[in-house]
Amino acid sequence: MAERMGFFTDTSVCIGCKACEVACKEWNQLPDDGFVFEATSYDNTGMLGASTWRHVAFIEQSRPVRVEGDEGSVDRWLMSSDVCKHCTHAACLDVCPTGALFRTEFDTVVVQSDICNGCGYCVPACPYGVIDRREGDGRAWKCTMCYDRQLGGLEPACAKACPTDSIQFGPLDELRERAEERVARLRADGHEEARLYGESPSDGVGGAGAFFLLLDEPEVYGLPPDPVVTTRDLPAMWRWAGAAALSMAGAVALAFLRGGALPNHQASVRGGTR
Amino acid sequence: MRTEGAAVPEAEAGFRSYYGKPVIKPPVWHEPHMPTYLYLGGMSGVSSSMAVMARLTGNHRLARTARLAAAAGAAVGAALLAAELGRPERFLNMLRVFKPTSPMSVGSWILAAQSGLSAAAASADLTGGLLPAAGGAPLLAAAGDAALLATGLTGPLTATYTAVLVADTAVPAWHEAYRELPFLFAGSAMAAAGAVAMLATPRAQAAPARAVAALGAAVETAAGTVMERRLGMVGRPYREGRAGRLMGTARMLTAGGGLLAAVAGRSRVLTALSGLALTAGSLCTRFGVLEAGRASAADPAYTIVPQRERLSAAS
Ligand code: SF4
Ligand code: SF4
């Protein structure tokens, strides 16, 4: 197994150019998403999906921020390039019944399109709403962290195209260290709101392979504040289902034993026709 | 009436989101395929249990009805599931691996066993009557009975695994309900199977079917009540909009049909009314649960608010 590779997306330097979205579509030959803008923003892809593997979110906030040497204030504009988190405990991979979703040697999560039968189970399983089924094609699609490029020793297309290094690709351990330094510096500079998202191996998905530096609450960017892999509760779910199955069998047996004893129930007497 | 999109205004719920867009993806499963399968799978599973008990207690007329219902339910249900796939021609990929972490994988194996065994049990029963008694009939009947006995195991699993199937997702109204959903589904399945057997068996032999139906209606009503009470805010999709109407209708039909089943006795009219009400009630429950899941995925409140509360409780 090679080293675990990952993305660190530092949204504090994102300029919203969408070079990552375009590079991803070019390299992976993804269909367009239509050209409808969200609300009054520049977001025309809305959220991640079968054909949108990088999604740049635009958040216009009327909350004022202090500007050096200026008593006035400007509105804040947040931009962030979202992507599949390549979870340590990936719900999509856990629930896939065909084995189409698998974990690669880079510790990323990839769909094998020649095996996926489009059952769609992975779609509502992902706690981040990443993976989706492509209409017409019938199969599930999502970011592969450019598995093919990685196999060839290249960095993913989005990271390559990002002009500000907002998207950084590398060994996950190194990225985590770099991110800690970056967030410490931003905070020292007075950006108290800077925080990391998805970097901790102790979170509900065991840590994300693609994590973020955010300047506001995760939900503002369309991210769940405390995602948990659904399969964590699977043993408990089976226990409750087992109890229900047993109760059901018991109730049916009861119905027959009681029903068989009813006086007017002659048919339960042995000797019915075969 | 608030039904779609951000049903809970952000200010009122006190949470923030990205333009009110959902955080998770809604389930891709279609109507009527998926909810009809949930109904048929449940009906098939409980019919198998009934067929086993009817066979053991010597109620052969009821056993035959239940065998046929079990086989038909599993076969049509499996066909609906295959049609639901994005790539139906690849449906056999379901049996490519056995994955304990995937309820759909486990369920595919359960359903494969249930449909094979129930088909064997039913066809042995049907062809047994046609063969001359001296021929292979006893052998065939024994094989059919063995298959039938095995459905005593696969039946209850078929009727309840579907609750794990929907609960093992990020959909709040499903996942948070993983304790009650198996009982709701088991009750709904008993009501459904009891109803079919009541309608398709001479009334003199259908007393156990009426009892199964009445018990099922009681279990379903109790489980549904407990579930909605315990879920609190996350349970709102079961009470509001289209899902709420479906669940409310299901509640009335099931309770009414269950009461009728308990008093129907050999009355033709009451049996018909009860059987139809319970069938419609079970179908409404399945459509309602699917729709509630979709509504709870479409509204970011159900994803974000409970997670925020969890975070603030932890800190
Ligand atoms: S973010 Fe979703 S699609 Fe990506 S690995 Fe995690 S569960 Fe799978
Ligand atoms: S849609 Fe494809 S990738 Fe997703 S769970 Fe089904 S088989 Fe697996």
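What you see is a predicted model; the values in this text were computed from it and never measured.

Things to note about the site of ligand 1
Here is step 1 of the chain: The immediate surroundings of ligand 1 are formed by 13 residues, with Cys 84, Lys 85, Cys 87, Cys 92 and Cys 126 of chain A found nearest.
Here is step 2 of the chain: Taken together, the residues of the shell around ligand 1 break down into 10 nonpolar, one polar and two charged.

Quick word on the interface of chain B and chain A
By convention, interface size is frequently given as the accessible area that disappears when the constituent parts associate.
Here is step 1 of the chain: Counting from both sides, the interface comprises 78 residues of chain B and, opposite them, 90 residues of chain A.
Here is step 2 of the chain: Across the chain B to chain A interface the summed buried area is about 6,900 Å²; carbon plus sulfur atoms make up 61%.
Here is step 3 of the chain: When the buried surface of chain B facing chain A is broken down by residue, Arg 16, Tyr 18 and Lys 25 of chain B rank first, second and third, together holding 12% of it.
Here is step 4 of the chain: Counting across the interface, chain B meets chain A through five salt bridges.
Here is step 5 of the chain: Across the pair Arg 308 of chain B and Glu 219 of chain A runs a salt bridge, and its minimum N-O distance is 2.5 Å.

What to know about the packing of helix H4 (residues 103-128) of chain B against helix H5 (residues 137-167) of chain B
Two quantities define a packed helix pair, namely the angle between the axes and the distance from one axis to the other.
Residue and element names in this part refer to chain B.
Here is step 1 of the chain: Across the interface, H4 lies against H5 with an axial gap of 7 Å and an inter-helix angle of 150 degrees. As judged from the angle between their axes, H4 and H5 are roughly antiparallel. The crossing of H4 and H5 is left-handed.

Section: the sheet that holds strand E1 (residues 5-10) of chain A
The strands that make up a sheet are held in pairs by hydrogen bonds between backbone atoms, and each pair lies either parallel or antiparallel.
All names here are of chain A.
Here is step 1 of the chain: Taken in spatial order, the four strands of this open sheet run E8-E1-E10-E9, and their pairing is mixed. The sheet is open, and its two borders are formed by strand E8 (167-171) and strand E9 (195-197), each paired with just one other strand. Averaged over all pairs of adjacent strands, the angle between their axes in this sheet comes to 20 degrees, without regard to strand direction.
Here is step 2 of the chain: Across five bridges, the pairing between E1 and E8 is antiparallel. Within the sheet, the bridge partner assigned to Met 5 lies in E8 and is Pro 171.
Here is step 3 of the chain: The sheet contacts of helix H6 (residues 172-188) involve E1, E8, E9 and strand E10 (210-214), and relative to E8 the element is tilted by about 135 degrees.

Scoring rules and cut-offs
- Residues numbered from 1 in each chain as written.
- Chains lettered and ligands numbered in written order.
- Predicted model: local features only at pLDDT ≥ 70, side-chain atom pairs only at ≥ 80, totals over all residues.
- Heavy atoms only, no water.
- Near = heavy atom within 4 Å.
- Nonpolar A, V, L, I, M, F, W, Y, C, P; charged D, E, K, R; others polar.
- Contact = heavy atoms within 4.5 Å.
- Buried area = accessible area lost by both parts, 1.4 Å probe.
- Salt bridge = Lys/Arg side-chain N within 4 Å of Asp/Glu carboxyl O.
- Axes fitted to C-alpha atoms, helices over the stretch in contact; angles between N-to-C directions.
- Helix = DSSP H or I, 4+ residues; strand = E, 2+ residues; numbered from the N terminus.
- Parallel < 35°, antiparallel > 145°, perpendicular 65-115°, else oblique.
- Left-handed = near helix turned anticlockwise from the far one by under 90°.
- Pairing = 2+ DSSP bridges.

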